[in-house]
Amino acid sequence: MPYPETAEGFCVTDIKNWSTFEKREIKLKPFEDRDIDVAIDACGVCASDVHTITGGWGSDIPLPLCVGHEVVGRAVRVGKDVTTIKVGDRVGVGAQISADLTCANCKADQENYCPKSVDTYGAPYPDGTISQGGYASHIRAHEYFTFKIPDGLDTALAAPMLCAGLTTYSPLKRLGAGPGKKVGIIGIGGLGHFGILWAKALGAEVYAISHSPGKKDDALALGAKEFICTKEKNWAEPYKFQLDFVINTADATDKFDLAEYFSVLKVNGTFHMVGFPDNPLPAFQAQIFATNGCYMGASHIGNRPEMIEMLELAAKQKIKSWVQTIDISEEGCKEAVERVYKNDNVRYRFTLTGFDKAFGKRE
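The protein appears in an unreviewed UniProt entry as alcohol dehydrogenase (NADP(+)) from Aplosporella prunicola CBS 121167. Check the Cofactor (unreviewed entry) section of the UniProt entry for the protein; it says "Zn(2+)".

And the structure:
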């Protein structure tokens, strides 16, 4: 049964063969009055996609599964109660596709922590339909989680902002990045390069922290004031008590000497995680927080006001994510996720494009 009951998508059917994609029909949830159907033109490839399909974040995933939650496309159908989007608008959908919008968290602009939140892929709707992501012809999203893309942003460059961008922008805003603040960004990759771009755009002094000395020039070009290489012996010594907070985008935190990373924080500074490793963090003593009274925390994407503000900031300041494009196909999806998994010369985000070629013109 074709659209509007179903879409076509490139799906994984077996986590043991997690990079093998098959083009399949995928079921869309029933269309409701505040829903928007998007004909997809681009979808970013997120490390979350890889952690999911490899079973790294747990093997209990619904199969077949179409991943992808950095979606940009055209609104081709809008529900009768939709007021913010019209047919033909260029729109984006990120890593969250639904929430109850009535609970205390939602009413406080914390809908990304709604107990009834629905992730963009691999999550059940109340009717039992499993959400399917953006490696597909169409996606059906609630109006609240569908965002107009400003005219100044290129489609392929905007797509990764819908998850990676928001995931770094939200904690930077909430922790107070701005003039007079010194901010560390750990990990110069898909998330980290956004961290540097946003922190610089917000007026903070940015310190890029990486184990890869070859990324120094990129980090400085992105806007970092200094590059700190953690491969160097006693790398943290010159920076002790210097940074207001750090955003950790790396997914290898289980290998960190956390006491060393905490040492660069000012008194009561925060070590904030947005990159999550497959493995548990090692045991550590509570005393490592006491040297400077620091805190450790984490966050999950961001809220609607932050998304809108971030996109407007990117358009106003002409901020461009560093993106390589790959045509969507069974082979293209395979190449993209395998290269992200291996960290094979990804600078610093992949966006799948060529959706008309794969799925035909969709109106």
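On to the packing of aromatic side chains, then. Overall, the coordinates contain 14 aromatic pairs when judged by the stated rule. Their ring planes at 70 degrees and their centres at 6.2 Å tell us that Y207 and Y239 sit as a pair that is edge-to-face. Placement of the pair is Y207 in strand β11 (residues 205–210) and Y239 in the loop between β12 (226–229) and β13 (243–248), with a sequence separation of 32 residues. Neither residue differs from the other here; Y207 and Y239 are each classed as buried. Plain terms: the ring middles of F355 and F359 are 6.0 Å apart, the flat faces sit at 40 degrees to each other, and that makes the pair tilted. Residue F355 and its partner F359 are both found in helix α10 (residues 355–359); the two are separated by 4 residues, about one turn of the helix. Pair check on accessibility: F355 and F359 agree, each one buried. Among the aromatic residues, those joined into a cluster by ring pairs are F262, F271, F284 and F289. Over the aromatic face of Y125 sits the side chain of K29, whose NZ or CZ is 5.5 Å from the ring centroid. Directly above the ring of Y144 sits R304, whose terminal nitrogen or CZ lies 5.3 Å from the centroid.

According to the stated counting rule, one finds 25 salt bridges in the structure shown. K80 is paired through a salt bridge with D81; the nearest N and O atoms lie 3.4 Å apart. Its salt-bridge partner being E335, residue R339 comes within 3.0 Å of it at the nearest N-O pair. Of the two residues, R339 and E335 both sit in helix α9 (residues 330–342), 4 residues apart, roughly one turn of that helix.

Let us now look at the side chain of D35. If you trace the backbone, D35 turns up in strand β3 (residues 35–45). By relative accessible area, which is 2% here, D35 ends up buried. Reaching out from D35, the side chain makes a polar contact with the side chain of K29 at a distance of 2.5 Å. Not counting residues within four places of it along the chain, the set of residues in contact with D35 comprises K29, P30, R77, V78, G79, V82, R140, A141 and H142.

Analysis parameters
Residues numbered from 1 in each chain as written. Predicted model: local features only at pLDDT ≥ 70, side-chain atom pairs only at ≥ 80, totals over all residues. Heavy atoms only, no water. UniProt positions renumbered as here; feature names shortened; annotations may be inferred. Phe/Tyr/Trp six-rings, centres within 6.5 Å; stacked < 30°, edge-to-face > 60°. Helix = DSSP H or I, 4+ residues; strand = E, 2+ residues; numbered from the N terminus. Buried < 20%, exposed > 50% of the residue type's maximum accessible area, 1.4 Å probe, protein only. Lys NZ or Arg CZ within 6 Å of the ring centre and 35° of its normal. Salt bridge = Lys/Arg side-chain N within 4 Å of Asp/Glu carboxyl O. Polar contact = N/O pair within 3.5 Å; in protein donor to acceptor, adjacent residues only side chain to side chain. Contact = heavy atoms within 4.5 Å.

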